[in-house]
Number of protein chains: 2
Amino acid sequence: MLPRGRPRALGAAALLLLLLLIGFLLFRGDLDYERPRPRGTAAFDGDPPADPGGRNGSDCTPPRPRPPKCELLQVAIVCAGHNSSRDVITLVKSMLFYRKNPLHLHLVTDAVARNILETLFHTWMVPAVRISFYNADELKPQVSWIPNKHYSGLYGLMKLVLPSALPPDLARVIVLDTDVTFASNIAELWALFAHFSDKQVIGLVENQSDWYLGNLWRNHRPWPALGRGFNTGVILLRLDRLRRAGWEQMWKLTATRELLTLPATSLADQDIFNAIIKEHPWLVRPLPCVWNVQLSDHTLAERCYSEASDLKVNGAGGPSGGDGPRMGTPAPCSHPPRRCPPWSQVIHWNSPKKLRVKNKHVESFRNLYLTFLEYDGNLLRRELFGCPRPPPPGAEQLQRALAQLDEEDACFEFRRQQLTVHRVHITFLPHKPPPPQPHDVTLVAQLSMDRLQMLEALCRHWPGPMSLALYLTDAEAQQFLRFVETSVVLSARQDVAYHVVYREGPLYPINQLRNVALAQALTPYVFLSDIDFLPAYSLYDYLRASIKQLELGSGRKAALVVPAFETLHYRFSFPSSKAELLALLDAGSLHTFRYHEWPRGHAPTDYARWREAQAPYHVQWAADYEPYVVVPRDCPRYDPRFVGFGWNKVAHVVELDAQEYELLVLPEAFIIHLPHAPSLDISRFRSSPTYRDCLQALKDEFHQDLSRHYGAAALKYLTALQQPRGPT
Amino acid sequence: MLPRGRPRALGAAALLLLLLLIGFLLFRGDLDYERPRPRGTAAFDGDPPADPGGRNGSDCTPPRPRPPKCELLQVAIVCAGHNSSRDVITLVKSMLFYRKNPLHLHLVTDAVARNILETLFHTWMVPAVRISFYNADELKPQVSWIPNKHYSGLYGLMKLVLPSALPPDLARVIVLDTDVTFASNIAELWALFAHFSDKQVIGLVENQSDWYLGNLWRNHRPWPALGRGFNTGVILLRLDRLRRAGWEQMWKLTATRELLTLPATSLADQDIFNAIIKEHPWLVRPLPCVWNVQLSDHTLAERCYSEASDLKVNGAGGPSGGDGPRMGTPAPCSHPPRRCPPWSQVIHWNSPKKLRVKNKHVESFRNLYLTFLEYDGNLLRRELFGCPRPPPPGAEQLQRALAQLDEEDACFEFRRQQLTVHRVHITFLPHKPPPPQPHDVTLVAQLSMDRLQMLEALCRHWPGPMSLALYLTDAEAQQFLRFVETSVVLSARQDVAYHVVYREGPLYPINQLRNVALAQALTPYVFLSDIDFLPAYSLYDYLRASIKQLELGSGRKAALVVPAFETLHYRFSFPSSKAELLALLDAGSLHTFRYHEWPRGHAPTDYARWREAQAPYHVQWAADYEPYVVVPRDCPRYDPRFVGFGWNKVAHVVELDAQEYELLVLPEAFIIHLPHAPSLDISRFRSSPTYRDCLQALKDEFHQDLSRHYGAAALKYLTALQQPRGPT
């Protein structure tokens, strides 16, 4: 049991201070005379020998603890919702950029964040990074009794329960808020564990705002804290010791007691951590301020990152007298006559204003943040030399497949693109799944940056749910984010799910993109469209009515064909009915889709019959048919071997036919293709002779697989292929 | 005079080795017992105290010398031509990313590189970076007598003359090849100067290829070298000592003597450096291999970056016995049983294959390189906290102007965009200026990524010189590079100059882009076009003939109007003559430009008269006239206050008229605008009411400036503005 009450605590603190001082001098002396030790004989229960920073104090450089070579570093982050998931990824990018050690990330997440981050890390395939998930919702009851006014809500309190939530054999962990950015190797932070005394269990940086001084406004009554208190955006936790010390009971008692006189926490877990530390000051190991540079308005952060080089400086790593609470602080920066390490190691955007915080140097810190926000995450898939770790799941198989490719093969680029595992960030923006309805349809499409301007029109034409895959670089994803935020039309829609697939390789992975969007559709039916088409205004309602009327819900395997048209005019007024459409068609302002270049693609739809049709009618598959269809969500996936342009949709319709989907054309449905300049990809490859050869090779392989799968039934597709054909 | 010949050199080396060993032990002992010293009492002629790496040898981490706080670091790079200039920028980005010190870059350049890099650094405005240029062509005579087979050519030899070429008071400098990438703070490399003994003058990393062993092929006869020799991609030069030691005479003597028996240098300066070191081994300070990881095929680099952690390790910083030539090598990596620092600090792409080099870990190194290749250079405009330096030229003025902006002003974004100084990389790709011709015309235009597909068509329509400004991110600039490289049409053209203006801010700085392209046009006349227009196939020839015929060369101030048309059809066949154009116009397939939305813009061209015209005819300026014109290169610049869309060209034509340019319409000239989807910028701002208000405010300010400039003569423009007008 730990001593209780203020007088006893102060007495204990004084004693501890004395012990620490003695211990420090001994330790310091020992270090100063020590010779390099052989591996494994380090001083502190398994820690590597560390430089507590006493020796190099003459210039204002950080003590640079030696990062433990190849040691697995443990990091815990609490994350909930779409926006925090994006933040975590930026944090992780900054961590991965500088790291040289294998990492194990412990992510305490709600269902939304788990879904996003699980997909992301699975597809990211970063070597030497292990991920474990913990269900935040299960932990909620342990903290939900605490009234909390902080913007982070219930999740903000969850760091308190980490000692019990994380695996019992996990002895130490670095806990990070989602709004921090690394500017150096996390191993240097980890190495500070070696500075903990036997009693210390929590490593924290002093708070850089005046919050806990209690003088911010009249009747401002913060929770109790030692001096300025500590900030919990970056925590070093000795989980083993916390468990042994009865942490759970400890924090609950403290919180309960304080809540007798205080109405709620204002700063979530941080208030409770500080109240505990005030009571048991020997628990805390103060960390150098550079490990949590807190960029709020009104912060002392500047004292931390701007150095006071003209000042006489104490050797750090030990007490420097006069400020009892901060025993052993290596480099607190609130009091200038101290050594201040000159560069920030971790930036903490802990104001609710985040990047818009007022700080005269914020531009420089923002640049660092933007560096990682826009950093190509694919570049972090780099091996750790000299630290052998099991490869990420699937990586070995992928390596083998890639190694088998022949660089001299003319189709090398195609085959490599097919094998590329793209990083996928599903539901990049906040998204509310539609309430389940038995006949609901999601519009499924994919696009890249050059089609962004289609989104607003699409939203106006399709009031229902959409699942869209976007093929973007990390920097483009941020442009996209700003685009949606500044669009009144787009930001009003919560039923459009945007899934970012990160660019890699020269060919547009069209079918992989379609499959991502398709997999994320949440309604029983999907309308498989393309981004350059605008649907009839009535299409969403009409499709749902048709699905109901045709009783597709009863397991009937059908693909509803939505006839496609095109305009070659750049400015045109969209027909509000089938009658108007037919009038435009007759006037030559509209054409059936690809009428001039490739009529085979849609000929089986039978436009002549459609003109007159009053009811859905059956059509038969024919070679090269590529209609736009509505199908149940569990339809076959697109064949990812077709990358770039050509045959990507044709193959899917073959697959539907092979699986005996009925093809039913809807008499009132239509979509219209708008003109656009050819994409770079298409112009690059249309002119290439190898492109056509490779496409042929892929088609042949597709047919071989088809025969293997469907046997004799697949023969008709091969036969159809032998007939003379035009361009694809 | 330095001793000559092998036996004496070996004897001296052995003696030096012994002295070093003794010195090392003494030094080491001293350090181990030393307390932090006050500033300014460092051991080595002004060097900050450095950790020679002896203490932390028990784990395989680099010795991390303390970077000298705020010391100005000197770096020299030889750079010639367009491609090397791009390389230097990537190198500098990697250096700036990690640096914490002010830098002085000494760039030895040819005229092309100087032109590019001077513009770049002037517009980059990175704080605490000073640039000096040195004329490589003037240095040529000093090395041109040396026959050299290396791909770097004459410039590859220029590192030899740096001691005399650089300012006489410059005492030490880091010399870098253009093909290196930093992976850490250059101050740590600089700190290695402190490890130099009194005799050492050149810090080098051992060569990691077998080249100098002379066994690569039969009769392979490399230049003489100590053991494996040293690589000169990264050099620490004590210029002061080199000058005192009579460096110039020394290397010239050595080179002359070796060239008696060897036909030429194979590896440029590196052969000569190695020959000198072989002769005077005490001159060299071997550096840890991590400071120059040489990624050729067949290289020992892997031994350097992969660590041998299971090996018993010597304390580094001193000799480890047995290999005389490498005295004092802190961490040579060619012999495994040594301490190998585990992370690479500088990557050297020293194979002619560059990134395509065969190395099983090349992917990871390539990722690092790509990181900086695609890194947004604007983010490096960050201050060095705590190292006060004079700001870059113009920066203070800019800061003041920015500070005066009112964030609450609705036009804040416009005004900030106007003030933005964009980084400019002129002639991003190899470019041959056209031979001077008195009537030659350069097509001037600007574009962003979404118009790249126009370039091939434009090249087909305009066989003359072009000066194009591209508004791109750093990553897009690389995509653009690949786009040009893979295009047969574009890569065949050397008379098209591409100037990259790096993106910053939300509004398209259209007139700044036009001014960049205009300033770089090298012919006496310019055709001020827009990227969405295709010129008549005959236009280039016709314009030159017209200029000659109209005798514009004799100082006549005229703007030749090229009538503009548009097609709304996405696919159309370009008219090969005026007659064909008129037929299409009559058939309704073509229109005069913006006929439907904004006929005022081109009405003064008088299309009716043009139909019939056989000779150039005069037209008068009228409000909102914005024709496409051919003018002398010294025409007025575009007004950079007009950003985004609207009035940017109108204002320029007002300026032409105010300066009394004749407006002459050419009867056979025409350009046709192709349809395209609206750019993101235009759609974002067309819908914004503040956009129109701001544009109005800018126009008012433009007219005020006009009155100030031209007095009463400008009154007509204001009067014209008062008339009722349509949209702009």
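Our subject is the structure that appears above.
Residues numbered from 1 in each chain as written. Chains lettered and ligands numbered in written order. Predicted model: local features only at pLDDT ≥ 70, side-chain atom pairs only at ≥ 80, totals over all residues. Heavy atoms only, no water.

Undergrad: Break down the overall build of chain A for me, citing the residues and quoting the values.
TA: Secondary structure assignment for chain A yields 24 helices and 23 strands. Out of the 728 residues belonging to chain A, those deemed buried represent 61%. Once local pairs closer than 6 in sequence are excluded, the contacts in chain A between residues at least 24 apart make up 82%. Summed over its atoms, the accessible surface of chain A is roughly 28,300 Å², and 55% of this surface lies on carbon and sulfur atoms. (Helix = DSSP H or I, 4+ residues; strand = E, 2+ residues; numbered from the N terminus. Buried < 20%, exposed > 50% of the residue type's maximum accessible area, 1.4 Å probe, protein only. Contact = heavy atoms within 4.5 Å. Areas by Shrake-Rupley, 256 points an atom, 1.4 Å probe, with all protein chains shown as cover.)

Undergrad: If you had to explain the packing of aromatic side chains to someone new, which residues and values would you point to?
TA: By the definition in use, this model includes 59 aromatic pairs over all chains. A ring pair is formed by Phe193 of chain B and Phe196 of chain B, whose centres lie 5.3 Å apart and whose planes are at 50°; its orientation type is tilted. Considered together, Phe193 of chain B and Phe196 of chain B belong to a single accessibility category, that of buried residues. Aromatic side chains Trp211 of chain B and Trp217 of chain B sit 5.7 Å apart centroid to centroid with 75° between the ring planes, which places their arrangement in the edge-to-face category. Under the relative-accessibility criterion, Trp211 of chain B is labelled buried at 16%. Taken together, the aromatic side chains of Phe97, Tyr98, Phe372 and Tyr375 of chain A together with Phe97, Tyr98, Phe372 and Tyr375 of chain B make up a single cluster linked through ring pairs. For the cation-ring pair, Arg172 of chain A lies above Phe193 of chain A, with the distance from its terminal atom to the ring centre recorded as 5.2 Å. (Phe/Tyr/Trp six-rings, centres within 6.5 Å; stacked < 30°, edge-to-face > 60°. Lys NZ or Arg CZ within 6 Å of the ring centre and 35° of its normal.)

Undergrad: So what's going on with the side chain of Arg285 of chain A? Which residues, and what values?
TA: For Arg285 of chain A, the position within the fold is in strand β8 (residues 284–287). Of note is the side chain of Arg285 of chain A, whose polar atom sits 3.0 Å from the backbone oxygen of His195 of chain A. (Polar contact = N/O pair within 3.5 Å; in protein donor to acceptor, adjacent residues only side chain to side chain.)

Undergrad: A description of the state of the cysteines should follow, citing residues and the corresponding values.
TA: Residue and element names in this part refer to chain A. Applying the stated rule across the entire model yields two disulfides over all chains. Disulfide pairing is shown between Cys411 and Cys694; the S-S distance is 2.3 Å. Judged by the sign of its S-S torsion, about -105°, the cystine formed by Cys411 and Cys694 is left-handed. Taken together, the residues span a long stretch of sequence, with Cys411 in the loop between α12 (395–404) and α13 (412–419) and Cys694 in helix α23 (residues 689–710) at a distance of 283 residues. Considered together, Cys411 and Cys694 belong to a single accessibility category, that of buried residues. (Disulfide = S-S within 2.5 Å.)

Undergrad: Residues and numbers for the environment of Leu73 of chain B, please.
TA: All names here are of chain B. Position of Leu73 relative to the elements: it lies in strand β1 (residues 73–79). Judged by relative accessible area, which is 0%, Leu73 ranks as buried. Considering only alpha carbons, one finds Leu73 and Ile186, 113 residues apart in sequence, at a separation of 8.4 Å.

Undergrad: Report on the pattern of salt bridges, specifying residues and quantitative values.
TA: For the structure on display, the rule yields 64 salt bridges over all chains. One salt bridge in this structure joins Glu626 of chain B and Arg594 of chain B, with 3.7 Å as the shortest N-O distance. Residue Glu626 of chain B is located in the loop between β20 (617–618) and β21 (628–632), and its partner Arg594 of chain B is located in the loop between β19 (591–592) and α20 (607–612); the two are separated by 32 residues in the primary sequence. Taken together, the shared-partner salt bridges connect Arg514, Asp530, Arg594, Glu626 and Lys649 of chain A into one network. (Salt bridge = Lys/Arg side-chain N within 4 Å of Asp/Glu carboxyl O.)

Undergrad: Run through the sheet that holds strand β9 (residues 293–294) of chain A, naming residues and quoting values.
TA: All names here are of chain A. Pairing within the open sheet is mixed, and its three strands lie in the order β5-β10-β9. The strands lining the two open edges of the sheet, one partner per strand, are β5 (180–182) and β9. Running over the sheet, helix α11 (residues 362–373) touches β5 and β10 (346–348) and is turned about 80° from β5. (Pairing = 2+ DSSP bridges. Axes fitted to C-alpha atoms, helices over the stretch in contact; angles between N-to-C directions.)

Undergrad: Go over the pairing of strand β12 (residues 441–448) of chain A with me, naming the residues and quoting the values.
TA: All names here are of chain A. Among the eight residues of β12, eight are classified as buried, and the element is accordingly described as predominantly covered. Side chains Val441, Leu443, Ala445 and Leu447 project from β12 onto one buried face, and the interleaved Thr442, Val444, Gln446 and Ser448 project onto a second face that is buried too. In terms of strand pairing, β12 meets strand β15 (residues 525–528) through four bridges, oriented parallel. The partner of Leu443 across the bridge, within β15, is Phe527. Strand direction decides the pairing type here: β12 and strand β13 (residues 466–472), joined by six bridges, are parallel. Within β13, the position partnered with Ser448 by the bridge is Tyr471.

Undergrad: Got a sec to walk through unusual backbone geometry? Specific residues and values, please.
TA: All names here are of chain B. Non-glycine residue Met125 carries a positive phi angle of around 55°. Note on placement: Met125 falls in the loop between α3 (111–124) and β3 (129–135). You can call Met125 buried: its relative accessible area is 12%. Even without being glycine, Asn219 reaches a positive phi, approximately 65°. One can find Asn219 in the loop between β6 (202–206) and β7 (230–238). Taking the relative accessible area as the measure of exposure, Asn219 reaches 70% and is therefore exposed.

Undergrad: So what's going on with the sheet that holds β1 of chain B? Which residues, and what values?
TA: Residue and element names in this part refer to chain B. Strand order in the open sheet formed by seven strands is β3-β2-β1-β4-β7-β6-β8, and the pairing between neighbours is mixed. Two strands in the sheet have a free side with no partner beyond their single neighbour: β3 and β8 (284–287). Pairwise comparison of adjacent strand axes, ignoring direction, gives a mean angle of 25° for this sheet. As judged from the three bridges shared by β1 and strand β4 (residues 172–176), these two strands associate in the parallel manner.

Undergrad: So what's going on with the packing of helix α13 (residues 412–419) of chain B against helix α23 (residues 689–710) of chain B? Which residues, and what values?
TA: Residue and element names in this part refer to chain B. One can describe the packing of α13 onto α23 by two numbers: an axis separation of 9 Å at closest approach and a directional angle of 55°. Accordingly, the angle class assigned to the pair α13 and α23 is oblique. Residue-level contacts link Phe414, Arg415 and Gln418 of α13 to Tyr691, Cys694, Ala697, Leu698 and Glu701 of α23. (Parallel < 35°, antiparallel > 145°, perpendicular 65-115°, else oblique.)

Undergrad: I'd like to hear about the packing of helix α2 (residues 81–98) of chain A against helix α3 (residues 111–124) of chain A, residue by residue, with values.
TA: Residues and elements named next belong to chain A. Contact pair α2 / α3: the axes reach a minimum separation of 9 Å and the direction vectors enclose 35°. The interaxial crossing formed by α2 with α3 has right-handed handedness. Residues Gly81, His82, Ser85, Val88, Ile89, Val92, Lys93 and Leu96 of α2 touch α3, and the partners they reach there are Val112, Ala113, Ile116, Leu117, Leu120, Phe121 and Trp124. Of the residues contributing to the contact of α2 with α3, the split by class is eleven nonpolar, three polar and one charged. (Left-handed = near helix turned anticlockwise from the far one by under 90°. Nonpolar A, V, L, I, M, F, W, Y, C, P; charged D, E, K, R; others polar.)

Undergrad: I'd like a rundown of the side chain of Ser546 of chain A, residues and numbers included.
TA: Residue and element names in this part refer to chain A. Position of Ser546 among the secondary structure elements: in helix α18 (residues 539–549). Ser546 sits in the buried class, given a relative accessible area of 4%. A polar contact of 2.8 Å, which involves the side chain of Ser546, links it to the backbone oxygen of Tyr542.

Undergrad: Tell me about the environment of Gly394 of chain B, residues and numbers included.
TA: The residue Gly394 of chain B is located in the loop between α11 (362–373) and α12 (395–404) in this model. Note: C-alpha distance between Gly394 of chain B and Arg285 of chain B (109 residues apart in sequence) is 41 Å.

Undergrad: Report on the pairing of β8 of chain A, specifying residues and quantitative values.
TA: All names here are of chain A. Neither face of β8 is left uncovered, since the one carrying Val284 and Pro286 and the one carrying Arg285 and Leu287 both have all their residues buried. Bridge count for strand β6 (residues 202–206) against β8 is four bridges, and the pairing is parallel. Following the sheet pairing, Ile202 is matched in β8 by Val284.

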